[in-house]
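A closer look at the structure
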Amino acid sequence: MPQLPLLIQALHSLPITIRNRVVWYQYFILFFTFVCYTTYHLSRKPISVVKSVLHQNCTEVAVKKHFVITDKNNTFCSWAPFDKGDYTELLGSLEYAYLFAYAIGMLVSGHIAERVNLRHYLGIGMLLSGLTTAMFGFGYYLQIHRIEYYIFVQIFGGLVQATGWPSVVACVGHWFGKGRRGFIMGVWNSHTSAGNILGSVIAGLFVSSSWGLSFIVPGAIIFAVGCFCLLLLIPYPTDVGLPSPHDNDLDIMVQSVTPSTLDITEYAPNTHDRQWFDSPDSEQQQTSSLSASPVGATPPSRASSSVNQRMPAADTDPLLPRHSTLTESTASSDMGSRKAISLLGAVRIPGVIEYSLCLFFAKLVSYTFLYWLPNYIKHSSGLNPEESAFLSTLFDVGGIVGGVLAGVVSDVTGRRALTCMMMLLLAAPMLFVYEKFGDTSLFNSIVLLLITGGLVNGPYALITTAVSADLGTSVKGDSKALATVTAIIDGTGSMGAALGPLLTGLIVNTGWQNVFYMLMTADLLALLLLCRMGLSEINECRHQRTEPAYEDLARESTRS
């Protein structure tokens, strides 16, 4: 049986009550997975910033540097092989190679994540992601000018980056219940925008002077966080002897025995303790407390004066349902005793196909902005690469607000599809307005970027988090569907994310206006694909409104 990480073993020696320990771990998992996925996006962002210097207008650069341009040196400021007339196709192929590999890897990654140790899987994935990100930057210092090298790095990077999303969603799902899922995961999902912002800022610091560092520094950051992941991440509550959040019948004492004597080499209580965990309230109305007793020890006495508190039901509904009783196999590995859902079974879950196809087009729009926005700002406003990179971060700031707002609205109304549809409906005209008026003034650009970012990224954030969790936990009796469903939805979306930048590279030569028409079309297609789910929610809402009226009529007829 594997040992717990050393730092977690040290934590068990601290005099913390069981309830406080659960809360501490939940906050830690939420924060740590946030940091992990922030570094994933941080390491993806540099290419969108650096592409503005891989091919430049050397005539303008020569004027600033008082350099004489001739036919032989008219591409002196660009980086081969991106110094030719087909540079847009080459840059687009880099993005497509990465995103297509990421989409394929995502479909496989969710299947693997259900069957391996998530701590090792996520940690190793981060180490390899850091290596591949830095490899792109090494091309600058090693003077590599072969397009094959950069495409290989992008393909390998896309495959290893696919380890991130299914793993972090599954970890959060194991530790948190269903209460306020949209809000909590909306806030948590801001790691996407936070990573984009940090990636833009870090890459922007080096892009003009030494663009290789724009990749090497983010690569070093995700590599370092990956090392901490291997030392700190706890994927399952039972890995540290704590109850699963779905155990609604468990009463947890605020005043409990200090668990300093817990045998942390064992992941679960023994048979005697399991009877104590599973036993309901006794006829004498005494409640068992969860104690971190050593394996084989007798549970603490049921003192009537003990202060017991029950976890709220809303927060104990699991994102990833678990068996209602603890067994040695579930507590020790949390993997082998549960059957993982197949890809075909996950696709058959109602709503998976609709949301997957919707995300295909929603992510197409979002990732086109991710990879091309700094370049568009530089082209339309005349700002330098550093200023363009910093201004583009406002799109992601708006995305954070939009993701949280979408989660709150969907929690209050209970209508995930209608929330997405409303934001998609508003996003299409905002794309048109930004293209027409975004470059008229700095103020207009800031305001429109914030609004457009919120409307574009709101549905994307909601579908990849709360909606995926809803669908992944809708299968009765199958508690290992979440990572697979998440991978299918996000993997399909990543196909669109790969297509968007590629189409942009082909269309941009005909004018940026046509690129925005393409984005508006994709946004409206995403809206149409959710119509069936939206109509279903409208009918459900009507049914809920008419049901009380029928009940009132029945009561009146009974009285008469």
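Quantities reported herein were computed from a predicted structural model and do not represent experimental measurements.

1. Looking at the overall build of the chain
The helix and strand inventory of the chain stands at 22 helices and two strands. Looking at the chain as a whole, 56% of its 560 residues qualify as buried. Contacts spanning at least 24 positions in sequence make up 83% of the contacts within the chain whose residues lie at least 6 apart. Accessible area of the chain: about 23300 Å², with a carbon and sulfur share of 64%.

2. So, the environment of Leu 242
Mapped onto the secondary structure, Leu 242 falls in the loop between helix H11 (213-232) and strand E1 (251-253). Looking at Leu 242, the relative accessible area reads 2%, which means it is buried. C-alpha of Leu 242 to C-alpha of Tyr 25: the two residues are 217 residues apart in sequence and 9.8 Å apart in space.

3. Points about the pattern of salt bridges
Under the definition given, this model contains eight salt bridges. Measuring nitrogen to oxygen at the nearest pair gives 3.1 Å for the salt bridge that ties Asp 83 to Lys 84. Classification of Asp 83 as buried rests on a relative accessible area of 12%. A salt bridge links Asp 411 to Arg 416; its shortest N-O distance comes to 3.3 Å. A relative accessible area of 13% places Arg 416 in the buried class.

4. Re unusual backbone geometry
Of note, the amide linkage connecting Ala 80 to Pro 81 takes the cis form, showing an omega dihedral of 15°. The residue Pro 81 is located in the loop between helix H4 (58-65) and helix H5 (87-113) in this model. Backbone geometry places Gln 143, a non-glycine residue, at a positive phi of 55°.

5. What about a nonpolar patch on the surface?
On the surface, Val 397, Leu 442, Phe 443, Ile 446, Val 447, Leu 450 and Ile 451 cluster together to form a nonpolar patch covering roughly 560 Å² of accessible area. Along the chain, Val 447 turns up in helix H19 (residues 442-472).

6. Things to note about helix H21 (residues 512-529)
In this model H21 runs 26 Å from its N-terminal to its C-terminal C-alpha over 18 residues, within 8% of the 26 Å that 1.5 Å per residue would give. Along H21, the residues classified as buried are Trp 512, Val 515, Phe 516, Met 518, Leu 519, Met 520, Ala 522, Asp 523, Ala 526 and Leu 527.

7. Remarks on the state of the cysteines
Here a disulfide denotes a covalent bond joining the sulfur atom of one cysteine to the sulfur atom of another. Taken as a whole and judged by the stated rule, the model has zero disulfides. Take Cys 36: it sits in no disulfide, and the sulfur closest to it among the cysteines is that of Cys 229, at 4.7 Å. Taking the relative accessible area as the measure of exposure, Cys 36 reaches 0% and is therefore buried. Judged by its relative accessible area of 0%, Cys 229 is buried.

8. Description of the nonpolar core
Ranked by internal contacts, the top residues of the largest apolar core, which has 123 residues, are Trp 211, Phe 369, Tyr 434 and Leu 519. Every residue in contact with Leu 519, bar those within four places of it in the chain, is listed here: Leu 364, Val 365, Thr 368, Phe 369 and Leu 431.

9. Quick word on H11
The first and last C-alpha atoms of H11 sit 28 Å apart over 20 residues, in line with the 28 Å expected at 1.5 Å per residue. Turning to H11, its buried residues are Ser 214, Phe 215, Ile 216, Pro 218, Gly 219, Ile 222, Val 225, Gly 226, Cys 229 and Leu 232.

10. Let's talk about the packing of helix H18 (residues 416-437) against H19
Interhelical geometry of H18 versus H19 gives an angle of 155° and a closest axis separation of 9 Å. Between H18 and H19, the angle falls in the class roughly antiparallel. The interaxial crossing formed by H18 with H19 has left-handed handedness. Of the residues belonging to the contact of H18 with H19, the class tally is 20 nonpolar, six polar and two charged.

11. Re the packing of aromatic side chains
Applying the stated rule across the entire model yields 30 aromatic pairs. Aromatic pair Phe 82 and Tyr 150: ring centres 6.2 Å apart, planes at 55°, arrangement tilted. Pair noted here: Phe 82 is in the loop between H4 and H5 and Tyr 150 is in helix H7 (residues 147-161), with a separation of 68 residues, a long-range link. Neither residue differs from the other here; Phe 82 and Tyr 150 are each classed as buried. Linked through ring pairs, Trp 79, Phe 82, Phe 136, Tyr 140, Tyr 141, Tyr 149, Tyr 150, Trp 211 and Phe 215 together constitute an aromatic cluster. If you follow Lys 51 out to its NZ or CZ, it ends over the ring of Trp 372, 3.7 Å from the centre.

12. Section: the side chain of Gln 154
Position of Gln 154 among the secondary structure elements: in helix H7. A residue is classified by how much of its surface remains accessible, and Gln 154, at 10% relative accessible area, is buried. In this view, Gln 154 contacts Leu 94, Glu 95, Ala 97, Tyr 98 and Phe 136; residues no more than four positions away in its chain are not counted.

13. A short note on the side chain of Asp 83
Here Asp 83 shows up in the loop between H4 and H5. A polar contact of 3.1 Å, which involves the side chain of Asp 83, links it to the side chain of Lys 84.

14. Thoughts on the confidence of the model for the chain
Taken over all residues, the pLDDT of the chain has a mean of 77, while the share at 70 or more is 72%. Of the regions scoring below 50 in pLDDT, residues 248-337 engages in 194 contacts with residues more than four places distant in sequence or in other chains.

Definitions and limits used
- Residues numbered from 1 in each chain as written.
- Predicted model: local features only at pLDDT ≥ 70, side-chain atom pairs only at ≥ 80, totals over all residues.
- Heavy atoms only, no water.
- Helix = DSSP H or I, 4+ residues; strand = E, 2+ residues; numbered from the N terminus.
- Buried < 20%, exposed > 50% of the residue type's maximum accessible area, 1.4 Å probe, protein only.
- Contact = heavy atoms within 4.5 Å.
- Areas by Shrake-Rupley, 256 points an atom, 1.4 Å probe, with all protein chains shown as cover.
- Salt bridge = Lys/Arg side-chain N within 4 Å of Asp/Glu carboxyl O.
- Patch = residues over 30% accessible without salt bridge, like charges linked within 9 Å, V, L, I, M, F, W, Y side chains within 5 Å.
- Expected span 1.5 Å × (residues − 1).
- Disulfide = S-S within 2.5 Å.
- Core = buried A, V, L, I, M, F, W, Y, C linked by side-chain atoms within 4.5 Å.
- Axes fitted to C-alpha atoms, helices over the stretch in contact; angles between N-to-C directions.
- Parallel < 35°, antiparallel > 145°, perpendicular 65-115°, else oblique.
- Left-handed = near helix turned anticlockwise from the far one by under 90°.
- Nonpolar A, V, L, I, M, F, W, Y, C, P; charged D, E, K, R; others polar.
- Phe/Tyr/Trp six-rings, centres within 6.5 Å; stacked < 30°, edge-to-face > 60°.
- Lys NZ or Arg CZ within 6 Å of the ring centre and 35° of its normal.
- Polar contact = N/O pair within 3.5 Å; in protein donor to acceptor, adjacent residues only side chain to side chain.
- pLDDT = per-residue confidence, 0-100.

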